[in-house]
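# Chain and residue survey
Chain by chain, the residues:
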Amino acid sequence: MLLYLVRRLLYVIPIGLAVSAICFSLVFLAPGDPLSAVLPADASLELIEKLKADYGFDRPIPVQFGKWVARAVQGDLGISIATGRPVNSELARAISNTFVLAFFACSFGFTLGLVLGFIAGYWNGTWLDKVVTSLAVAGVSVPHYWLGMVLVIIFSVFFNWLPATGMGAGGSSEWAWDWEHLQFVILPAVTLSVIPTAIITRTVRALVADILSREFVTALIAKGLSDRGVFWHVVKNAAPTALAVMGIQLGYLLGGSILVETVFAWPGTGFLLSVAIFQRDLPLLQGTILFLALFFVFLNLLVDMVQTLLDPRIRRT
Amino acid sequence: MEPRAPDEPLVSVSDLTVRFSRTGQTIQAVNGVSFDLAPGEVLGVLGESGSGKSVTLRAMLRILPAHRSSVTGTIRVAGRDVLALSGAELEDYRGGTVSMIFQEPMLSFDPVFTIGQQIAESVRRHMKVDQQAARARALEMLDRVQIPSAKRRLDAYPHEMSGGMRQRAMIALALACKPKLLLADEPTTALDATVQIQILLLLRELQREFGMSVIFVTHDVGVAIEVADRIAVMYAGRIVETGSVREVIRTPRHPYTQGLLSSTVRGELRGQRIEAIPGSPPDLAAMPPGCAFAPRCKHARDECLRAVPGAVDVGGGHEARCVLLKLAA
Ligand SMILES: Nc1ncnc2c1ncn2[C@@H]1O[C@H](COP(=O)(O)OP(=O)(O)OP(=O)(O)O)[C@@H](O)[C@H]1O
Ligand code: SF4
Ligand SMILES: [Mg+2]
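Since this is a predicted model, take the numbers as computed values, not measurements.

### Structural notes on the packing of helix 4 (residues 115-127) of chain B against helix 7 (residues 163-175) of chain B
Residue and element names in this part refer to chain B. The contact between helix 4 and helix 7 brings their axes to 8 Å, and the two run at 20 degrees. Judged by the angle between their axes, helix 4 and helix 7 are roughly parallel. Two packed elements cross with a definite hand, and for helix 4 against helix 7 that hand is right-handed. Counted together, I115, Q118, I119 and S122 of helix 4 and A169, A172 and L173 of helix 7 form the full contact between these two elements. Of the residues that constitute the contact of helix 4 with helix 7, the class distribution is five nonpolar, two polar and no charged.

Given below as structure tokens:
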């Protein structure tokens, strides 16, 4: 078991290196000059050359990559071209904002998904199941940005109950636990939670229906367990898969959603990424992609480990 | 609990009928089964696949899917009207008064709980003891069913045991709360021949020690002879013949039983499957009005098709449902 964990952890190193190389070079595939966006149109050749040298863009790409990696492992991702602030601090703030959004979306989505999934699975085949299942299908099919805009039209424009964009009054990007800030998170969180809710509903429904149809459930009833006693067995059997799916969904949300964050102007990683792309802010773009890529590598590792810990059939072998 | 006359049988099933409704069809799985069982008696139920053996046992434990099946008739066990039980009373009855061993032990244990947890769970439910006492009882039972290094096995998961071990553990689970009646649904069919014999011997030994009644369902005539005091032969959801093992085996009176026994070559009784009678059992969704065996019976005549033949007692509690017996009487 321990050996397995160590091996899995060691795998992360080559994967991480490969991922960062891809992140770094992908950006160079895009046409255009990274500095053109920030330079005035009439900038002298001299100035351009000087800036290029400052940012290191005049060196061969492998050298740039080497330097970038060397600094990245020390936690330095360079300076944002657009804002002049370290990519690190831009990223850190965006990450914490995305986490806030993901926290609300998950709390809402997982609770709803688990409840709906259990109901549909328990009453598998009844009208209740059919209603829930159709809702779930609608949930995964509806486009994020469209739903986001519909919610904004209803709750912000029409009823004027909730703010449409941003995460605080006056374009603030600092989170606080009060209604002033909470009201900003509701619409993006609900929008973001729709897909995880639907996916978890479907997963849990299938799991519960499958478990309930197994012979051992009959055996549990046969030994005199109450519905509540059986419920606990169903939960424990469903838990590894349900948790893994929730973990993956949480991961996706923590990675930030470009579409939802852009629609709601929520200053998280997804928003940062879209800003970096549109402004061709190379260091910011590379740093953000690297963070997100490594994040998903670790996320998969974590999901694997949790699943292993929870399922005795994997644990002992 | 209602008072029980001293000579009342432990189990008294009368006119048990089970129907399943599925996509507009009604499957008549059990059609008027009646039998009594004395305390400590072992009834072997024989019959080919689909004859309603499992459904009968499941009806007795009330574990058929409630919304898709309808059960009528009466089932009395230890003085209780089983079909009238509900809620906590029903839960006390299941696993407390009557317990069941299933055919496939791998499928009948929850894969993510240890064997010890699953036995202890039942013990706590029925004996109202704490976790420690329940665990001790589980250990005692694993010892009792001769599982080697029982203490270690207590913390084993079902997939970590062999088929034979799991079936022993299933027996330990079923008997941990000292039921008065054990329902064994082909408990050895899924096992190797040598393991089968060990399990049969163990079951017989435990049955005597616990003094419980057993209903033992099997395909296997040899197994039935080995374990049972009495035999009931089922065909298309009816008991077509019943009597002491001796009577039924030596002088089978129903043509189906006769075919069944002659297809099982003497001296090679064990391990033989019932299949040598030509033809196949009737469609349970379209049961004929008369004797269900008629299409396969070489003695069939007009009156066989008119109504279901009544049970005729040929002496000493040996009964069969065949018009030939009425003619003889
Ligand atoms: N839950 C159910 N829903 C619908 N039909 C069922 C159900 N359970 C059993 N049946 C039907 O009832 C009939 C009797 O089945 P049963 O399982 O009692 O047979 P059996 O005698 O135990 O056979 P086997 O030896 O194969 O175990 C079969 O035709 C089966 O298809
Ligand atoms: S009643 Fe008729 S058909 Fe049925 S077993 Fe007897 S002789 Fe055969
Ligand atoms: Mg069966």
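Anyway, onward from the coordinates.
### Side note on the pattern of salt bridges
All names here are of chain B. In the structure shown here, the tally under the stated rule is 14 salt bridges over all chains. Linking E41 and R230 is a salt bridge whose minimum nitrogen-to-oxygen distance equals 2.9 Å. Linking E41 in the loop between strand 2 (25-37) and strand 3 (42-46) with R230 in strand 9 (residues 230-235), this pair joins segments that are 189 residues apart in sequence. Among the salt bridges present, the one from R137 reaches E140, with a minimum N-O distance of 3.0 Å. Placement of both R137 and E140 in helix 5 (residues 131-144) is noted, with a separation of three residues, approximately one turn of the helix. The exposure class of E140 is partly exposed, given its relative accessible area of 45%. Salt bridges sharing partners connect three or more residues here, namely E91, D92 and R125.

### Details of the sheet that holds strand 1 (residues 11-22) of chain B
Residue and element names in this part refer to chain B. Spatially, 2-1-4-5 is the arrangement adopted by the four strands of the open sheet, whose pairing is antiparallel. Two strands bound the open sheet, and with one partner strand each, they are strand 2 and strand 5 (80-81). Where strand 1 meets strand 4 (residues 69-77), eight bridges bridge the pair, whose relative direction is antiparallel. Note that in strand 4 the partner of V11 across the bridge is V77. Across the face of the sheet, helix 1 (residues 53-61) comes into contact with strand 1, strand 2 and strand 4 while running at roughly 110 degrees to strand 1.

### A look at the packing of aromatic side chains
Here the structure, examined in full by the defined rule, presents 13 aromatic pairs over all chains. Between F158 of chain A and F159 of chain A, the aromatic rings sit 5.1 Å apart at their centres with planes inclined by 85 degrees, giving edge-to-face as the arrangement. Here the aromatic residues F155, F158, F159 and W161 of chain A are joined through ring pairs into a cluster of three or more. The ring of F113 of chain B has K236 of chain A lying over it, and the distance from NZ or CZ to the ring centre is 4.4 Å.

### Remarks on the site of ligand 1
Residues and elements named next belong to chain B. Taken together, 16 residues lie near ligand 1, and S49, G50, K53, S54 and V55 sit nearest. At 2.4 Å from an oxygen atom of ligand 1 is found a side-chain nitrogen or oxygen belonging to S49. Between ligand 1 and V55 there is a distance of 2.9 Å, counted from an oxygen atom to a backbone nitrogen or oxygen. Here ligand 1 has 630 Å² of accessible area as a free molecule, and 73% of this is covered by the chains. Elements with a contribution of two residues or more to the shell around ligand 1: strand 1 and helix 1. For the shell around ligand 1, the leading source of residues is helix 1, giving three residues.

### Describing the nonpolar core
Note on soluble globular proteins: their nonpolar side chains tend to be buried together. Counting residues in hydrophobic clusters, the biggest one holds 105 residues, and the most contacted among them are L181 and I215 of chain B. When near neighbours in sequence (up to four residues on either side) are disregarded, I215 of chain B contacts F35, L37, L43, V45, L57, M60, L181, L182, L183 and A184 of chain B. Counting residues in hydrophobic clusters, the runner-up holds 41 residues, among them C106, L162, V234 and V260 of chain A.

### Examining the pairing of strand 2 of chain B
Residues and elements named next belong to chain B. Here strand 1 pairs with strand 2 via 10 bridges, running antiparallel. In the sheet register, V18 faces strand 2, and the bridge partner there is V30. Counting the residues in the hairpin turn of strand 1 and strand 2 gives two residues, including T23, whose phi is positive at 40 degrees.

### Re the pairing of strand 6 (residues 98-101) of chain B
All names here are of chain B. The side-chain alternation of strand 6 yields two buried faces, one formed by V98 and M100 and the other by S99 and I101. Inspection of the sheet shows strand 6 paired to strand 7 (residues 181-185) by four bridges, in the parallel sense. Paired with M100 across the strands is L183, a residue of strand 7.

Definitions and cut-offs
Counting restarts for each chain, with residues numbered from 1 along the sequence as it is written. Chain labels run from A onward and ligand labels from 1 onward, assigned in the order the entries are written. Per-residue local features are limited, in this predicted model, to residues with pLDDT of at least 70; the limit for side-chain atom pairs, both in listing and counting, is 80 or more; totals at the level of whole chains, interfaces and linings are taken over all residues. Water and hydrogen atoms play no part in the side-chain values, which are based on all heavy atoms of the structure. Helix axes use the C-alpha atoms of the stretch in contact, all axes being lines fitted to C-alpha atoms, and the angles between their N-to-C directions lie in the range 0 to 180 degrees. For helices the rule is a DSSP run of H or I covering at least 4 residues; for strands it is a run of E covering at least 2, with both sets numbered from the N terminus onward. Roughly parallel refers to an angle under 35 degrees, roughly antiparallel to one over 145, roughly perpendicular to one between 65 and 115, and oblique to any angle outside these ranges. The hand of a helix crossing depends on one turn: near helix anticlockwise from the far one by less than a right angle means left-handed, and clockwise means right-handed. Whether two residues are in contact is decided by their heavy atoms, any of which lying within 4.5 Å being enough. The nonpolar class holds Ala, Val, Leu, Ile, Met, Phe, Trp, Tyr, Cys and Pro. Asp, Glu, Lys and Arg form the charged class, and all remaining residues, Gly among them, are polar. Think of a salt bridge as a Lys or Arg side-chain nitrogen and an Asp or Glu carboxyl oxygen that are within 4 Å of each other. Note on classification: 1.4 Å probe, protein chains only; a residue is buried when its accessible area is under 20% of the maximum for its type, exposed when over 50%, partly exposed between these limits. Should DSSP find at least two bridges between two strands, the strands are regarded as paired. Stacked, tilted and edge-to-face are the three classes assigned to paired rings of Phe, Tyr and Trp, where Trp is represented by its six-membered ring and a pair needs centres within 6.5 Å; plane angles under 30 degrees give stacked, over 60 edge-to-face, the rest tilted. Criterion for a charge above a ring: Lys NZ or Arg CZ within 6 Å of the ring centre, and within 35 degrees of the ring normal. Residue proximity to a molecule or strand is established when one non-hydrogen atom of the residue lies within 4 Å of it. Between N or O atoms, a polar contact is any pair within 3.5 Å; within protein, one atom must be a potential hydrogen donor and the other a potential acceptor, and residues adjacent in sequence are included only when both atoms are from side chains. Using a 1.4 Å probe, accessible areas were evaluated by the Shrake-Rupley method; residue-level cover was limited to the displayed protein chains. Each nonpolar core is a collection of buried residues, namely Ala, Val, Leu, Ile, Met, Phe, Trp, Tyr and Cys, held together in the definition by side-chain atoms within 4.5 Å.

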